[in-house]
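# Remarks on the overall topology
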Amino acid sequence: MLVTRIALPRRTFLRGMSAAVALPFLDAMVPALSAMAQTAARPVRRLGYVYIPMGMNPAPWTPAGEGRIAELSPSLASLSPFLDHLSVVTNLEVRNSAVAGGNHATAGSAFLSCARAKRTEGSDYELGVTVDQVAARQVGGGTPIPSLEIGTDLIAQVGNCDNGFACVYQNNLSWASSTSPLPNEADPRVLFERLFGDGGTPDARRAELRRNASILDWVLDDMARLEGRLGAADRRRMGEYLDAVREVERRIQNAERQSTASPLPSLKRPSSIPVEWEDHVKLMCDLQVLALQADLTRVVTFQMAREGSTRTYPQIGVPEPHHPVSHHTNDPEKLAKLAKINAYHVSLFGYFLEKLKATPDGEGTLLDHSMYLLGSGMGNPDIHDHRNLPIVVARGGLGAVKGGYHLKYPDGTPLANLHLTLLDGMGVHLDNFVDSTRRAGVVSEPLSL
């Protein structure tokens, strides 16, 4: 029997002058007559973390029942369409945050590291390797970008940010080593160019992009050549993906035009940041989806907002800054506003999950093949408490899934246990997780999700 089909490499790119567009997984990338061609391909696993600052109002956050639940709490209600993919986890804590001082700096820095931050206002900061980087070392080698660190705050703070702790602890969720924080990228244009730009200096690519309608215009010839090798299903899949790329770029260009037309010329306004924060968050979510869909990365951290944020939310009835609202002193009005902020942040995570669910990936969707942890390093923000953290895990078919559960663990269960569990789901197996020089002291077996 003569077999004429030659599979496309998984790392196929559309290329043009100063541009390279990675492709999603296509049927044409499965070798003919292979086992994968006749059965569902083994899915690529993805792992992500989304950080929301300053804890929660526990009453409207916590589901009423334990174990299997039929409905979510008011703060989590926007995630109801994904209930079968969710585990709400309560009573986890980060002891090293409290030991190090119990504040915003230690909340953010310990969320992924579970390590004790060194108190310093200078450049001699020290923390520990974060769990995303543990995963990236094992699963990121096969992708162009081992891990992606993004946010929405263009941060310029240096020196002391919180009670003798350097700003670096609040600015960065990810640390490659105890002394190497990985900065977030908050500019969608810069992130877009990092994902799709290829060649020339950043300034040259940016200037060329502004002279052209779209980065996709550079690769039209390569697109036409490749389409001749694809079946109908692959052509449809690639068309949908490239339409999504073009739509994200169009929104970035619109943000640039809005910023240029701003009536506030005295402000140093970033050129590609949407005017509305919600639009900024959604744009960063869409860029994550494109990066995961094209297998440019498999590990992502997204700091939706940083600890100590003074962002206001008048669009949901909270014109006061988030940080003062979080110090509620049990005032019913402030608690109600804190709950509104919690629900708003969660709804934006719901937007992201919907995008994952709507994006085909092999025999399923990106949501089927991903695990994402939404949470905060602070529980009760009024007293800077690092117990009973607000945690939600969304995951597809990676490992034994307990969708639709409220998992209430004993008081004081380490957050590190959950990190071990998610690493297990990625095929990364550790006996414990905490930097050896800053061990939490209690790191037991992974949790059962």
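Quick caveat: nothing in here was measured; it's all calculated off a predicted structure. (Residues numbered from 1 in each chain as written. Predicted model: local features only at pLDDT ≥ 70, side-chain atom pairs only at ≥ 80, totals over all residues. Heavy atoms only, no water.)

### A short note on unusual backbone geometry
The residue Met-54 is not glycine, and still its phi comes out positive at about 60 degrees. With respect to the helices, strands and loops of the structure, Met-54 is situated in the loop between strand S3 (46–51) and helix H2 (58–61). (Helix = DSSP H or I, 4+ residues; strand = E, 2+ residues; numbered from the N terminus.)

### Some points on the packing of aromatic side chains
Enumeration according to the criterion identifies eight aromatic pairs in this entry. On the numbers, 5.9 Å between centres and 70 degrees between planes, the contact of Phe-165 with Tyr-169 is edge-to-face. A relative accessible area of 0% means that Phe-165 is categorised as buried. Accessibility expressed as a relative area gives 0% for Tyr-169, which makes it buried. When the ring of Trp-277 is compared with that of Tyr-313, the centres are 5.5 Å apart and the planes differ by 75 degrees; the resulting orientation is edge-to-face. Residue Trp-277 is found in helix H11 (residues 277–293), and its partner Tyr-313 is found in the loop between strand S11 (299–303) and helix H12 (322–326); the two are separated by 36 residues along the sequence. Residue Tyr-313 is classed as buried on the basis of its relative accessible area, which comes to 0%. (Phe/Tyr/Trp six-rings, centres within 6.5 Å; stacked < 30°, edge-to-face > 60°. Buried < 20%, exposed > 50% of the residue type's maximum accessible area, 1.4 Å probe, protein only.)

### Quick word on empty space enclosed by the protein
Inspection of the entire model under this criterion finds two cavities of 30 Å³ or more. Taken as a whole, the second largest cavity holds about 30 Å³ of empty space. Forming the boundary of the second largest cavity are Val-50, Cys-285, Gln-288, Phe-302, Met-304, Leu-348, Phe-349 and Phe-352. Looking at the lining of the second largest cavity, the elements with two or more residues in it are H11 and helix H13 (332–357). By residue number, the principal contributor to the lining of the second largest cavity is H13, which donates three residues. Tallied by class, residues from the lining of the second largest cavity come to seven nonpolar, one polar and no charged. (1 Å grid on protein atoms, 1.4 Å probe; cavity = no way out; pocket = protein on both sides within 12 Å on 5 of 7 lines; lining within 4 Å. Points joined across faces, edges and corners; volume = space filled by probe spheres on them. Nonpolar A, V, L, I, M, F, W, Y, C, P; charged D, E, K, R; others polar.)

### Describing the sheet that holds S3
An order of S4-S16-S5-S15-S14-S3-S11-S6 is seen for the eight strands of this open sheet, with the pairing classed as mixed. Strands with a single pairing partner mark the edges of an open sheet, and in this sheet they are strand S4 (67–68) and strand S6 (148–151). Note: strand S14 (residues 370–375) against strand S15 (residues 391–395), five bridges, orientation antiparallel. Paired with Gly-375 across the strands is Ile-391, a residue of S15. The sheet strands contacting H13 are S3, strand S5 (86–93), S14 and S15, and the helix crosses S14 at an angle near 175 degrees. (Pairing = 2+ DSSP bridges. Contact = heavy atoms within 4.5 Å. Axes fitted to C-alpha atoms, helices over the stretch in contact; angles between N-to-C directions.)

### Here we look at the nonpolar core
Membership of the largest hydrophobic core comes to 62 residues, with the highest contact counts inside it found for Phe-349, Leu-353 and Leu-356. Of all the elements, H11 adds the most residues to this core, at ten residues. Every residue in contact with Leu-356, bar those within four places of it in the chain, is listed here: Val-289, Leu-292, Thr-365, Leu-366, Leu-367 and Tyr-372. Grouped together as the second largest cluster of nonpolar side chains are 36 residues, Cys-114, Ala-136, Ile-391 and Leu-415 included. (Core = buried A, V, L, I, M, F, W, Y, C linked by side-chain atoms within 4.5 Å.)

### Digging into the layout of surface pockets
Approximately 270 Å³ is the volume found for the second largest pocket. In terms of lining, the second largest pocket is formed by 15 residues, of which the most central are Ala-244, Val-289, Gln-293, Lys-355 and Thr-359. Taken together, the elements giving at least two residues each to the lining of the second largest pocket come down to helix H10 (232–260) and H11. Grouping the amino acids of the lining of the second largest pocket by side-chain chemistry returns seven nonpolar, two polar and six charged.

### Some remarks on helix H4 (residues 104–113)
The buried count for H4 comes to ten of ten residues, which makes it a mostly enclosed element. Taken together, the buried positions of H4 are His-104, Ala-105, Thr-106, Ala-107, Gly-108, Ser-109, Ala-110, Phe-111, Leu-112 and Ser-113. Phi for Cys-114, located one or two positions after H4, is positive at around 55 degrees.

### Looking at the packing of helix H7 (residues 188–196) against H11
A pair of packed helices is captured by two measures, namely the crossing angle of their axes and the spacing between those axes. Where H7 contacts H11, the two axes come as close as 11 Å, and the packing angle between them is 5 degrees. By the angle between their axes, H7 is roughly parallel relative to H11. Contacts from Pro-188, Leu-191, Phe-192, Leu-195 and Phe-196 in H7 reach His-280, Leu-283, Met-284, Leu-287, Leu-290 and Ala-291 in H11. (Parallel < 35°, antiparallel > 145°, perpendicular 65-115°, else oblique.)

### Let's talk about the environment of Glu-185
Looking at the element boundaries, Glu-185 is found in the loop between strand S10 (180–182) and H7. With 32 residues separating them along the chain, Glu-185 and Asp-153 place their C-alpha atoms 8.6 Å apart. For Glu-185, the contacting residues outside a window of four places in its chain are Glu-149, Ile-150, Gly-151, Val-190, Leu-191 and Met-284.

### Looking at the pattern of salt bridges
Under the definition given, this model contains eleven salt bridges. One salt bridge connects Asp-295 with Arg-298, and the closest N-O pair in it is separated by 2.7 Å. In this structure, Asp-295 and Arg-298 share a single accessibility class: buried. Bridged by salt links that share partners, the residues Glu-320, Glu-333 and Lys-337 form one connected network. (Salt bridge = Lys/Arg side-chain N within 4 Å of Asp/Glu carboxyl O.)

### What about the confidence of the model for the chain?
Confidence along the chain averages 81 in pLDDT terms, with 75% of residues attaining 70 or more. Here residues 262–270 scores under 50 on pLDDT; set against residues more than four positions off or in separate chains, the count is five contacts. The low-confidence segment residues 435–445 (pLDDT under 50) makes 25 contacts with residues lying over four places distant or belonging to another chain. (pLDDT = per-residue confidence, 0-100.)

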